[in-house]
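# Architecture and fold: a report
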Amino acid sequence: MHYAFAFGADAVYAGQPRYSLRVRNNAFHKLDILQQGIQEAHQLGKQFFVASNLMPHNAKIKTYINDMEAVIAMQPDALIMADPGLIMMVRERWPEMPIHLSVQANTVNFQAVRFWQSLGLSRVILSRELSLDEIEEIRQLCPDIELEVFVHGALCIAYSGRCLLSGYFNHRDPNQGTCTNACRWDYKTYPSDQQDDSPKKIDFNALSAMQKHQLSDCGGQERHPLADNIYLIEEANRPGELMPIFEDEHGTYIMNSKDLRAIQHIERLCKIGVDCLKIEGRTKSIYYVARTAQIYRQAIDDSIAGRAFDPRLIGQLDNLSNRGYTDGFYQRHPTQEQQNYLHGYSSNLRQQYVGEVVGFDATNKQLKIDVRNQFSVGDTLEMITPSGNINFNLSVMFDLQGQPITRAPGSGHTISLPWELPWQGPGLLAKQLTANK
């Protein structure tokens, strides 16, 4: 939360584990921490939304109102909700409490937006499955309700939050906040031969080499003949458990989505009149939170000021943990200009997060660095701060005893380095892996 606000976010959303999809790595289950977060946000002139967006079974319905009494008293700026039953309960008990409709409700049309508006909701977070043109049409037909869309983060292999893989494999329901991300596990694929109980591993490189020839024999059909075969998959941690996978007219069901990156569409979304752009940052590092907030903040500010989109922002996002990027459903095919951007800037700069600034000695003008990954004297580093980023070559650093060292070994170590410029913080340190082209 601290890094999100410092680097440009106007609001954060956090969930209570029992009633949201944010169960893991969540300090906000402690009410005193939740209250501290809300108070600090308001002191900064920022907003704090509490996610209450799971699809509850009966047991959670029975406890919900009592558990939420203390939360509502903290005056969060809105509840993010999806279940109609819970929404009805909140509207009856706390009619003045603003409610934002969660993406979990899968709102994909203007009539659904009007329905939720008629119930008194103040904002609808639209489904990730919408195109830019569809979002624009909803905005035009629903001019007097706030709209929010996701622009960065994980994507589900289903309408948002509706995947059943985790529940199938681990009996941990995504809609109860306990998704194990089974779609992203390491799977091996084998051909299914009903006459042979010992399947052989598929060589997909060889298959791709055959693809052009085989498609030319399909009479112009778009469907690849290999798509009609049945395959067996084996998950890395379940050796020997072969499960069938096949494709029908609706698609196939076990695969690994790339991450959403819509930085190149910020200008269009701003012109459409979307009220809020949302970054999914669950279980991410402070480096990820700070950099996404900083980069998308720049894209928004550039758009509002009438400045052209800076394509270097695309490459900067490549430095964050990701599983490859896609712009999802926003645009079916990138324009020629966007293809050039993606090709030219995604490989332009490579960085690694190597440290967090945890203190500043103003007398000796030294920064205290909590090391996260190894770096050495001679490396090109970037200091990432809310007031701007600074590139420099590291010429000297010291251990905690003040002795010069040439290498910061990695996580678990603390070092200091000279810093002559004014310091206000917070700050993160990244190491450049390749030179700018």
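Positions within a chain are numbered from 1, following the residues in the order the chain's sequence is written. pLDDT decides what is reported in this predicted model: residues at 70 or higher carry local features, side-chain atom pairs at 80 or more are listed and counted, and totals for whole chains, interfaces and linings draw on all residues regardless. Hydrogens and water molecules were not included; the side-chain quantities draw on all heavy atoms of the structure.

### Things to note about the overall build of the protein chain
We count a stretch as a helix when DSSP gives it H or I for four or more residues in a row; a strand needs E for two or more, and each element gets its number in order from the N terminus. If you tally the helices and strands in the protein chain, you get 12 helices and 22 strands. The burial tally for the protein chain puts 46% of its 437 residues in the buried class. Contact between two residues is taken to exist if any of their heavy atoms lie within 4.5 Å; hydrogens are not considered. Pairs at least 24 apart in sequence give 66% of the contacts found in the protein chain among residues at least 6 apart. Using a 1.4 Å probe, accessible areas were evaluated by the Shrake-Rupley method; residue-level cover was limited to the displayed protein chains. Accessible surface for the protein chain amounts to roughly 22700 Å². Of this, 50% is attributable to carbon and sulfur atoms. Partly exposed residues are those whose accessible area sits between 20% and 50% of the maximum for their type, while under 20% is buried and over 50% is exposed, using a 1.4 Å probe and protein chains only.

### Some points on unusual backbone geometry
The step from Gly425 to Pro426 runs through a cis peptide bond, and the omega angle for that step is -5°. Positionally, Pro426 belongs in the loop between β21 (414–418) and β22 (428–434). For Asn106, which is not a glycine, the phi torsion comes out positive at approximately 55°. Among the structural elements, Asn106 can be located in the loop between β4 (99–101) and α5 (110–118). Its identity as a non-glycine residue notwithstanding, Lys365 has a phi of 50°, on the positive side. Along the polypeptide, Lys365 turns up in the loop between β13 (350–361) and β14 (366–371). With relative accessibility at 36%, the residue Lys365 sits in the partly exposed group.

### Examining the nonpolar core
In a soluble, globular protein the nonpolar side chains are often hidden away together inside. Remark: nonpolar core denotes a set of buried residues (Ala, Val, Leu, Ile, Met, Phe, Trp, Tyr, Cys) joined through side-chain atoms within 4.5 Å. Judged by nonpolar contacts, the single largest core of 81 residues is most densely connected at Phe48, Tyr64, Leu79, Leu126, Ile135, Ile263 and Tyr330. Domains are outlined according to an automatic or database domain assignment. In terms of domain composition, this core takes at least three residues from each of domain 1 (1–166 + 258–331) and domain 2 (351–432). Aside from chain neighbours lying at most four places away, what touches Tyr330 is Leu130, Ser131, Leu132, Ile135, Val149, Phe150, Val151, Leu260, Ala262, His265 and Leu269. Counting residues in hydrophobic clusters, the runner-up holds 17 residues, among them Leu367, Val371, Phe392 and Trp423.

### Considering the environment of Leu130
Locating Leu130 in the fold gives a position in the loop between β5 (123–125) and α6 (132–141). By relative accessible area, Leu130 is classed as buried at 2%. Each C-alpha atom, one on Leu130 and one on Thr107, is 9.1 Å from the other, the two residues being 23 residues apart in sequence. Non-local contacts of Leu130, meaning those with residues more than four positions away in its chain, are made with Thr107, Val108, Ile135, Ile138, Phe329 and Tyr330.

### Structural notes on the packing of aromatic side chains
Note on ring pairs: Phe, Tyr and Trp rings are taken, using the six-membered ring of Trp, and paired if centres are within 6.5 Å. Classes follow the plane angle, with under 30 degrees stacked, over 60 edge-to-face and the rest tilted. Under the defined criterion, the tally for this structure stands at 7 aromatic pairs. Where Phe28 meets Phe48, the ring centres are 5.4 Å apart and the plane angle is 75°; that geometry is what we call edge-to-face. Taken together, the positions of Phe28 in the loop between β1 (11–15) and α2 (31–43) and Phe48 in strand β2 (residues 47–52) put the pair 20 residues apart, joining distant regions of the chain. Per residue, the accessibility class of Phe28 equals that of Phe48, and both read buried. With centroids separated by 5.1 Å and ring planes inclined at 75°, the aromatic side chains of Phe115 and Trp116 adopt a geometry described as edge-to-face. Look at Phe115 and you get partly exposed, because its relative accessible area is 45%. Aromatic ring contacts, followed pair by pair, group Phe392, Trp419 and Trp423 into a single cluster. Only lysine NZ and arginine CZ atoms are considered, and such an atom sits over a ring when it is within 6 Å of the ring centre and within 35 degrees of the ring normal. Stacked on the ring of Tyr288, the Lys or Arg Lys284 has its end atom at 5.0 Å from the ring centre.

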